[in-house]
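# Chain and residue survey
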Amino acid sequence: STSDQKHDRLIEKIKKLLTLASSDNLHESELATAKANQLMLEHNLTYLENSDQDDTYVYRVLEHTRKSSKHLAIYEILKTFYVYPVFNQGRGKFYLEVIGNKASCEVAEYVAQFLNLELDRLWIKTQKVHPHLKGKSAKNSFFSGVAKGYVSKIEEIKYQNLAEIDNQKFSLQN
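Residues numbered from 1 in each chain as written. Predicted model: local features only at pLDDT ≥ 70, side-chain atom pairs only at ≥ 80, totals over all residues. Heavy atoms only, no water.

Glancing now at the overall build of the protein chain. Across its full length, the protein chain holds 5 helices and 3 strands. Helices and strands appear in the protein chain in the N-to-C order α-α-β-α-β-β-α-α. Across the 174 residues that make up the protein chain, the buried fraction comes to 37%. Taking contacts inside the protein chain between residues at least 6 apart in sequence as the whole, the part at least 24 apart equals 66%. Here the protein chain has roughly 10900 Å² of accessible surface; of this, 53% comes from carbon and sulfur atoms. (Helix = DSSP H or I, 4+ residues; strand = E, 2+ residues; numbered from the N terminus. Buried < 20%, exposed > 50% of the residue type's maximum accessible area, 1.4 Å probe, protein only. Contact = heavy atoms within 4.5 Å. Areas by Shrake-Rupley, 256 points an atom, 1.4 Å probe, with all protein chains shown as cover.)

In terms of burial, strand β3 (residues 93-100) is a largely internal element, 6 of the 8 residues being buried. Sheet topology note: the strand β1 (residues 57-64)/β3 ladder contains 7 bridges and is antiparallel. Bridge pairing in β3 links Arg60 to Glu97. Summarising the sheet, strand β2 (residues 84-90) and β3 pair through 7 bridges and their orientation is antiparallel. Counted as the bridge partner of Tyr84 is Ile99 from β3. Remark: 2 residues form the turn of the hairpin made by β2 and β3, two consecutive strands paired antiparallel; Arg91 in that turn has positive phi of roughly 55 degrees. (Pairing = 2+ DSSP bridges.)

Think of an α-helix as turning once every 3.6 residues; residues three or four places apart then point the same way. With 7 of its 10 residues buried, helix α3 (residues 69-78) lies for the most part within the structure. Of the positions making up α3, those classed as buried are Ser69, Lys70, His71, Ala73, Ile74, Ile77 and Leu78.

Moving on to unusual backbone geometry. In this model, Tyr82 sits at a positive phi of 60 degrees, which is unusual for a non-glycine residue. Considering the arrangement of structural elements, one finds Tyr82 in the loop between α3 and β2.

Below is the structure:
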């Protein structure tokens, strides 16, 4: 259906933007992240306006033997993607699951997989620049700091996007 095609195009566009967000060029990375979040915000506003509580999905996005500070960082970041992340455990493993609408869960699944690798890459890159950073404590602080920085930046972007959307609605009404 046309709705499914729109949905698939949105997911692909957001995935491409999130891939760009891992760029070493800080400006390009921030622009891609902002655009991806703007699309998510617009999609979720449309979703909320046009639905009478459509289906809710649960996706298992990560599975590991032990919960670590990296997983906590991913959990915090996923909250900015319009899903409710939840830690679950059983059979000697823990699971990170997300609850939300289909598009948000699909994006969150992609983001979780991406961050699972990207956070390790960033840690190794940071250690090369700052060789004095060693040990679990430094790594835990690093992951926590990345998550806090990202969440803070996204909250700022969301605030700007909401203000823009309000301005657009206001100017359409007048």
